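Understanding the architecture of this molecule
This is what each chain is made of:
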Amino acid sequence: MNTAGHPEATTRRGLELTPFRGLRYDPDRVGSLAAVTSPPYDVVVRPDGLHHLQSADPHNIVRLILPEAATPTARNAQAADTLHSWLTDGVLAPDPEPGLYVYEQHDGNGMLQRGLIGALRVSDPTEGVVLPHEDVMPHIVADRAALMRATSANLEPLLLTYRGNGPTAATTEVVERAAEKPPLLATTTEDGFSHRLWSVTDPGDVARIQSDLAHHQALIADGHHRWATYCLLRAEHPSPSPWDYGLVLLVDTARYPLRVRAIHRLLHGLPVADALAALDGRFRVRRLDAPLTEALAALGDAASAGNAFLLAGDGAFHLVDRPDPDLLSRTVPTDRPTAWRTLDATVLHATLLAHVWHIPEDSPAHIAYIHDASATVTKAERDGGTAVLMHPVREEVVRDLARQGVTMPRKSTSFGPKPASGLVLRALDI
């Protein structure tokens, strides 16, 4: 939200992005910068993706964000010990002076994203400065909080978006000018994305950015659990403290629109045959003997007319749509806007999970959330479960609901491209 020109603009606190001394890998101490990066912790498909990243380089960031040990306490202690060891050995080193970081991602096919990485003031939800659009799962917040306490670090930035004021805005000018200079680092990861990073340390440029951002609010695009973790940890530490801030990537989507993709569900212990049997008379079900790309296209067509899902796990795809209106009226809460009540994720959680399949949405033993459709199908076929593939929600729907203070069901969207983990970290005691 832009409050420039309004009387409250001088008193209301907006986004406060602060420079920090980033921790970065020493290129001479690792095999390659690409080999030490990782997708965000919740995008890594376990165990396959985790083991792949661990074998890419002994210093891959996944050893910090997803440590492996017998107990949660041991995992967190291991991450803290690993971080300390890498700092002592010079594998990771702090930059000489605080700065904001311009971060660029480019896929070679027209997708270009630039934003600013910095330490953002963790605001109270009542301030309306940072808008969530999804609910969170308490056990994940507790897990991330324990890891951050143990390491005393923000190990990966979450992704926030805001709507800037065009190409002449101060933040845009500084970002574009920085991108014309030689970068601090440049690498290309195995997904085909190139990554470049620059530092902004000039006090005048930092001040201009801060003045510009003070008139804006942001939407959490990716990282609701980490933002909730920042809020929890800030409340635990008397202010002022380094815990008053959290590591974020802030992207102006008026200039660099993000892609919005769906997050799919893997239902453990529910064979496809049982899932389909429970839908009899409640939804229309059609079998699709087609490859994944064609099945997803059919899902998109069906979703344009109403709620639709794609079930898989038995070697075929099953298009599920046209829910019984009486079933929806009995199961979907009526105290939310129509835009929320008609979301696929709402119908999935309120109707299918809760009332048709009787699956608890917050139990890792019963349900997993996976970003990649192919991986979801593969795991369902291997494990004998059911993959529920979703169609993405439009960004304007997400933003509109967030501005109304209405949160969507957890794991409803996947904004991207997401920042690679491992390019810059924030230690709270440096």
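Summing up its helical and strand segments, the protein chain has 15 helices and 21 strands in all. The buried share of the protein chain, taken over its 430 residues, is 55%. The positive charge centre, built from 40 side chains, and the negative charge centre, built from 52, are 2 Å apart in the protein chain.

Attention shifts here to the nonpolar core. Judged by nonpolar contacts, the single largest core of 116 residues is most densely connected at Phe-309 and Trp-357. For this core, the element with the most residues is helix H13 (residues 344-356), which contributes 7 residues. Beyond its immediate chain neighbours, meaning those up to four positions away, Trp-357 contacts Leu-267, Leu-270, Ala-275, Ala-278, Leu-279, Leu-311, Leu-348, Leu-352 and Val-388. Core analysis: the next-biggest nonpolar cluster, separate from the first, contains 19 residues, Leu-266, Ala-303, Ala-308 and Ala-375 among them.

Only a minority of non-glycine residues have a phi that is not negative, and only a minority of peptide bonds are not trans. Going from Ser-239 to Pro-240, the amide bond is cis rather than trans, its omega being 0°. Locating Pro-240 in the fold gives a position in the loop between helix H8 (224-236) and strand S12 (245-252). Of note, the bond from Gly-416 into Pro-417 is cis; its omega dihedral lies within 30 degrees of zero at 5°. For Pro-417, the position within the fold is in the loop between strand S20 (414-416) and strand S21 (426-427).

Put simply, the protein chain has an average pLDDT of 93, and 97% of its residues get 70 or more. Counted against residues more than four places away or in other chains, residues 1-11, with its pLDDT under 50, gives 12 contacts.

Considering all chains together, one arrives at 3 aromatic pairs under this definition. Centre to centre, the rings of Phe-20 and Tyr-101 are 5.3 Å apart; their planes meet at 55°, and the pair counts as tilted. A residue pair is termed long-range when its members are at least 10 positions apart, and Phe-20 in the loop between strand S1 (17-18) and strand S2 (23-25) and Tyr-101 in strand S4 (residues 100-106) qualify at 81 residues. Accessibility expressed as a relative area gives 6% for Phe-20, which makes it buried. Here Tyr-25 and Trp-86 contribute two aromatic rings whose centre-to-centre distance is 6.1 Å and whose plane-to-plane angle is 50°, an arrangement assigned as tilted. Residue Tyr-25 is located in strand S2, and its partner Trp-86 is located in helix H4 (residues 72-89); the two are separated by 61 residues in the primary sequence. A single burial state applies to Tyr-25 and to Trp-86, both of which are buried. Across from the ring centre of Tyr-41, 4.0 Å away, lies the NZ or CZ of Arg-144, which sits over that ring. Sitting over the ring of Trp-340, Arg-336 keeps its end group 4.5 Å from the ring centre.

Let us look at helix H6 (residues 170-178). Buried residues dominate H6, accounting for 7 of its 9 residues. For H6, the set of buried residues is Ala-170, Thr-171, Thr-172, Val-174, Val-175, Glu-176 and Ala-178. Packed against the buried residues of H6 are S4, strand S5 (112-121), strand S8 (158-162), strand S10 (194-200), helix H7 (203-213) and S12.

What counts and what doesn't
- Residues numbered from 1 in each chain as written.
- Predicted model: local features only at pLDDT ≥ 70, side-chain atom pairs only at ≥ 80, totals over all residues.
- Heavy atoms only, no water.
- Helix = DSSP H or I, 4+ residues; strand = E, 2+ residues; numbered from the N terminus.
- Buried < 20%, exposed > 50% of the residue type's maximum accessible area, 1.4 Å probe, protein only.
- Lys, Arg positive; Asp, Glu negative; His and termini not counted.
- Charge placed at Lys NZ, Arg CZ, Asp CG, Glu CD.
- Core = buried A, V, L, I, M, F, W, Y, C linked by side-chain atoms within 4.5 Å.
- Contact = heavy atoms within 4.5 Å.
- pLDDT = per-residue confidence, 0-100.
- Phe/Tyr/Trp six-rings, centres within 6.5 Å; stacked < 30°, edge-to-face > 60°.
- Lys NZ or Arg CZ within 6 Å of the ring centre and 35° of its normal.

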